[in-house]
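Listed below, chain by chain, are the residues.
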Amino acid sequence: MLVISIFFLWGLVYTTWFATLGAIEGMLPAVMLTCIAGAILPWRKPDLYRTSPIAGMRALGIPLITITGTLGFLYTAVVFVAFLLDGQYLVNSPTSLIWIAGTFTVGLVIFTVSWLVRRSQGLDLSKAYQAIPPA
Amino acid sequence: MAFWRRRERGLRLFFATDLHGSTLAFRKFLSAPRFYEADLLVLGGDLTGKRLIRVGRDGDSAELREKAETEGAYLWEVGRDEPRPGGSDAEFEHSVFTALAADRIRQWLAKAEDVLSQTQTPCYVIAGNDDPPLIADVLNQHQGPLVRHCESRVLEAAGGHQVAGLGMSNPTPWHTPRETSEEELAQHLERLAALCPDGSRLIADVHVPPHGLLDSCALLDGSVSPPRPLMSGGQPVMGSVGSTAVRDYLQRTQPLLALCGHVHEEHGALRLGRTLVVNPGSEYGDGTLRGALIQFGEGNLNFQLTSG
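First things first, this report covers the structure right here in the doc. (Residues numbered from 1 in each chain as written. Chains lettered and ligands numbered in written order. Predicted model: local features only at pLDDT ≥ 70, side-chain atom pairs only at ≥ 80, totals over all residues. Heavy atoms only, no water.)

## Regarding the overall build of chain A
- Counting its regular elements, chain A contains five helices and two strands.
- Helices and strands appear in chain A in the N-to-C order α-α-α-β-β-α-α.
- The globule rule puts the C-alpha radius of gyration for 135 residues at 14 Å, and the 19 Å found for chain A is more than 25% above it.
- Each principal axis of the C-alpha distribution contributes one length, and for chain A these read about 50 × 45 × 20 Å.
- By the burial criterion, 24% of the 135 residues in chain A qualify as buried.
- The contacts in chain A between residues at least 6 apart in sequence include a share of 54% that link residues at least 24 apart.
- If you sum the accessible surface of chain A, you get close to 8,900 Å²; carbon and sulfur atoms cover 77% of it. (Helix = DSSP H or I, 4+ residues; strand = E, 2+ residues; numbered from the N terminus. Rg over C-alpha atoms; globule rule 2.2 N^0.38 Å. Buried < 20%, exposed > 50% of the residue type's maximum accessible area, 1.4 Å probe, protein only. Contact = heavy atoms within 4.5 Å. Areas by Shrake-Rupley, 256 points an atom, 1.4 Å probe, with all protein chains shown as cover.)

See below:
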């Protein structure tokens, strides 16, 4: 991990690889998914929603988390598309797009290998953070 | 065998602790045999909640009751002109709190026997330092076939293993009901060690983590009431609050597995010699169940911390 960190620090300081908004573009899908998850929480996980501090807050009869989640999704979606289409942000250069895709690919590979190793040990990694249905 | 192949699995244990009266977290705990395919459950101490909420006779509602049970609080229905027994208000409140906590534990035990009978999954349980002695009595008097109180005793478990427990703690700034000096704690652990000197098959449910291992939290000034965090340079002072007696016990007997809690902020698993020490932490307040799955293999243990 230290070697990887040094490599990325070197890339940041001595190259122009990261001199774009590519990192932000890469983060936007995660923010969009989080916004959607928040927006549908009152229906998807009503038990979890009822225990959260925002549970009683509504505007025009709609849960506040649904309104803010939807607005957040729309905003980040617009930014995501704008970054991809408008060259002035330097996001849609081949180098930047390769870095974004590469980051997601490396993450997916790490997760898949970890999942397989844990499965061979008799453990299901996909259940580590899954909500448990109460008995 | 190739790492991607699924192996035939051995015994699987699920451990959770410090539920502090949260019925939602407890009901999730009871789902572990089906959800995680656990063969054995261990429930660490501190089953008692922390809050008593006064409501009027007509102030109760299903929504409020559900919220209180999720957060580990107790609803105390009091009429405006209801006669009060003698003694101070604090003493009376304490007796009401203890009685309500004991009632909830009895309900939990009945529910556990009912749910666990469907899979015939045994569950070993102890009281913690926050639990009044009455809670330990309720657990001790429970006669169910599946839920078993393992405080200060060694019980046989599946797979040729043994389970032993001790829920008392070293001194805390909160002056909790079942805390004692390190010396007395060492004596209790010594008796436990005499019952099971060979730790190679032992699962020790000790509640308090060993000093210096999974026991770090913000230190409190216990000279004021309520205790407040010690600050230095605008930052809370962190430190170890685990027990030296527990550490000595684990180092000497080297159980296969040591399950602890007590420090909610910590969660992880570390080795102390041969012993795998696990503290899953606790987030009972919003009904989240933190836990640890322990998979017994041939000569090794694998673990996975969970949150759900």
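Moving on from the model shown.
## Examining unusual backbone geometry
All names here are of chain B.
- Residue Pro226 is reached from Ser225 by a cis peptide bond, and omega for that bond is -5°.
- Along the chain, Pro226 turns up in the loop between β11 (220–221) and β12 (228–229).
- Phi angles above zero are rare outside glycine, and His262 is one such case at about 75°.
- One can find His262 in the loop between β16 (257–260) and β17 (268–272).
- Looking at His262, the relative accessible area reads 16%, which means it is buried.

## A word on helix α4 (residues 64–85) of chain A
All names here are of chain A.
- Relative to the 32 Å expected for 22 residues at 1.5 Å per residue, α4 spans 32 Å between its end C-alpha atoms, a close match to the ideal helical length.
- When we look at burial in α4, the residues that qualify are Ile65, Thr66, Gly69, Thr76, Val79 and Phe83. Around the axis of α4, the buried residues are gathered within 165° of arc, so they sit on the same side. With respect to the buried face of α4, the exposed residues turned more than 90 degrees away are Leu71, Tyr75, Val78 and Leu85. (Expected span 1.5 Å × (residues − 1). Arc of directions from axis to C-beta.)

## Notes on the packing of helix α6 (residues 182–195) of chain B against helix α7 (residues 244–253) of chain B
All names here are of chain B.
- α7 packs onto α6 with a crossing angle of 25° between their chain directions and a minimal axis gap of 8 Å. Judged by the angle between their axes, α6 and α7 are roughly parallel. Seen from above, α6 lies across α7 with right-handed handedness. Contacts between α6 and α7 involve Glu182, Leu185, Ala186, Leu189, Glu190, Leu192 and Ala193 from the former and Thr244, Ala245, Val246, Tyr249, Arg252 and Thr253 from the latter.
- Its residues assigned to classes, the contact of α6 with α7 comprises eight nonpolar, two polar and three charged. (Axes fitted to C-alpha atoms, helices over the stretch in contact; angles between N-to-C directions. Parallel < 35°, antiparallel > 145°, perpendicular 65-115°, else oblique. Left-handed = near helix turned anticlockwise from the far one by under 90°. Nonpolar A, V, L, I, M, F, W, Y, C, P; charged D, E, K, R; others polar.)

## Digging into the environment of B:Phe15
- By secondary structure assignment, the location of B:Phe15 is in strand β1 (residues 12–16).
- When sequence neighbours within four positions are dropped, the list of residues in contact with B:Phe15 reads B:Val42, B:Leu43, B:Gly44, B:Asp205, B:Leu259, B:Cys260, B:Val278, B:Pro280, B:Arg290, B:Gly291 and B:Ala292.

## Re the interface of chain B and chain A
- The partner chain A presents 21 residues to the 28 residues of chain B that form the contact.
- Buried surface at the junction of chain B and chain A, summed over both partners, amounts to about 2,400 Å²; 56% is from carbon and sulfur atoms.
- Across the chain B-chain A interface, the total number found is one salt bridge.
- At the junction of chain B with chain A, the criterion picks out nine residue pairs in polar contact (both at pLDDT 80 or more). (Buried area = accessible area lost by both parts, 1.4 Å probe. Salt bridge = Lys/Arg side-chain N within 4 Å of Asp/Glu carboxyl O. Polar contact = N/O pair within 3.5 Å; in protein donor to acceptor, adjacent residues only side chain to side chain.)

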